[in-house]
Amino acid sequence: MDKTVEKLYGNRVRAKVCGLCWKGDKLLLVNHRGLYDHDFWAVPGGGIEFGQTAQENLEREYREETGLMVKVDAFQFVCEYISGPLHAIELFFAVTVIDGKLLTGEDPEMSGNEQIITDVRFLSVTEINELPEINKHGLFRFAKSAEKISGLKGYLKI
């Protein structure tokens, strides 16, 4: 794990919001570097800032990471990830794009040459399933189809 990433996100519980954005049968994913020694694909989202609602945080994260403005729809499920030095509680919501143009955004907590977002794109569930398990968010171990991903509910420990 990159030392800057570990300093920013490690050794504490991090509350996060994540948005499931579908375009037909494709799900929007963001590729990160520096979290691990390999690519890591996950849905857009990020840390909850004090004093802002989950909805406000998710709208902000989408603008920063993807250039898209979204409407936050229904809450779907929560994931908990514990693997030192990372510990995250992630709230997943359905989102709908209302404006903007898809682009590879930035993480404002990282400087220009330390950016961790390397790609943003819609991937089919088949393409997601073809990625090695270590290169994608743990939620994809629980659901291997668009219907199952959309139908996830409750608490998932990943």
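As the structure is a computational prediction, the values presented were derived from the model and not from experiment. The residue numbering used here restarts from 1 in each chain and proceeds along that chain's sequence as written. Where local features are concerned, this predicted model is filtered to residues with pLDDT of at least 70; where side-chain atom pairs are given and counted, the filter is 80 or more; whole-chain, interface and lining totals use all residues. Excluding hydrogens and water, the side-chain figures rest on all heavy atoms present in the structure.

What to know about the overall build of the protein
Looking only at helices and strands, one finds 4 helices and 9 strands in the protein. With a 1.4 Å probe rolled over the protein chains alone, any residue whose accessible area is under 20% of its type maximum counts as buried; one over 50% counts as exposed, and the rest are partly exposed. For the protein, with 158 residues in total, the buried portion stands at 47%. We call two residues contacting when some pair of their heavy atoms lies within 4.5 Å. Across the protein, the fraction of contacts at a sequence separation of at least 24, relative to all contacts at a separation of at least 6, is 65%. The Shrake-Rupley method, run with a 1.4 Å probe, gives the accessible areas here. Residue values count only the displayed protein chains as cover. Put simply, the protein shows about 8,000 Å² of open surface, and 54% of that area lies on carbon and sulfur atoms. Secondary structure follows DSSP: runs of H or I at least 4 residues long count as helices, runs of E at least 2 residues long count as strands, and numbering of each begins at the N terminus.

A few points about the packing of aromatic side chains
When the centres of two rings from Phe, Tyr and Trp lie within 6.5 Å, Trp using its six-membered ring, the rings pair. Their planes under 30 degrees apart give stacked, over 60 give edge-to-face, and anything left gives tilted. Evaluation of the coordinates by the stated rule reveals 2 aromatic pairs. With a centroid separation of 5.4 Å and an interplanar angle of 70 degrees, the aromatic rings of Phe75 and Phe93 are classed as edge-to-face. In this pair, Phe75 sits in strand E6 (residues 68-83) while Phe93 sits in strand E7 (residues 86-100), placing the two residues 18 residues apart along the sequence. On the numbers, 4.5 Å between centres and 10 degrees between planes, the contact of Phe77 with Phe92 is stacked. Note that Phe77 is positioned in strand E6 and Phe92 in strand E7, a separation of 15 residues in sequence. A residue is classified by how much of its surface remains accessible, and Phe77, at 0% relative accessible area, is buried. Given the relative accessible area of 0%, Phe92 is considered buried.

Points about the side chain of Thr66
For Thr66, the location among the structural elements is in helix H2 (residues 54-66). Each polar contact in these results corresponds to two N or O atoms within 3.5 Å; when the atoms are within protein, one needs to be able to donate a hydrogen and the other to accept it, and residues that are neighboring in sequence are counted only if both atoms are side-chain atoms. For Thr66, the side chain forms a polar contact with the main-chain nitrogen of Leu68, separated by 3.1 Å. Non-local contacts of Thr66, meaning those with residues more than four positions away in its chain, are made with Leu28, Val30, Pro44, Lys101, Leu102, Leu103 and Val120.

Observations regarding the sheet that holds strand E1 (residues 12-20)
Strand pairing follows a simple DSSP-based rule, namely that at least 2 bridges must link the two strands. Ordered by their spatial adjacency, 5 strands build an open sheet running E5-E1-E7-E6-E9, and the pairing between neighbours is mixed. Each having just a single partner strand, strand E5 (45-47) and strand E9 (154-157) make up the two edges of the open sheet. Along the sheet, successive strands turn relative to each other by an average axial angle of 30 degrees, direction set aside. Pairing geometry for E6 and E9, over 4 bridges, is parallel. Whenever a helix is involved, its axis is fitted only over the stretch in contact; in every case the axis is a line through C-alpha atoms, and angles between N-to-C directions fall within 0 to 180 degrees.

Examining the nonpolar core
Throughout, nonpolar core names a set of buried Ala, Val, Leu, Ile, Met, Phe, Trp, Tyr and Cys residues whose side chains join them through atoms within 4.5 Å. Ranked by size, the top nonpolar core spans 20 residues in total, and within it Leu29, Phe77, Phe92 and Leu139 carry the most contacts. At the level of secondary structure, the elements contributing two or more residues to this core comprise E1, strand E3 (26-32), E6, helix H3 (125-130) and helix H4 (146-151). Every residue in contact with Phe77, bar those within four places of it in the chain, is listed here: Leu20, Glu90, Leu91, Phe92, Leu139, Ile149, Leu152, Lys153, Gly154 and Leu156.

Topic: H2
Here H2 is 13 residues long and its end C-alpha atoms lie 18 Å apart, about the 18 Å a rise of 1.5 Å per residue gives. Packed against the buried residues of H2 are E1, E3, E5, E6, E7 and strand E8 (117-124). A helix's residues, less one, multiplied by 1.5 Å, set its expected span.

Description of the pattern of salt bridges
Salt-bridge detection follows one rule: a side-chain nitrogen of Lys or Arg within 4 Å of a carboxyl oxygen of Asp or Glu. The full count for this structure, using the stated rule, is 8 salt bridges. With a closest N to O distance of 3.2 Å, Lys144 and Glu133 form a salt bridge. In this pair, Lys144 sits in the loop between H3 and H4 while Glu133 sits in the loop between H3 and H4, placing the two residues 11 residues apart along the sequence. A relative accessible area of 37% places Glu133 in the partly exposed class.

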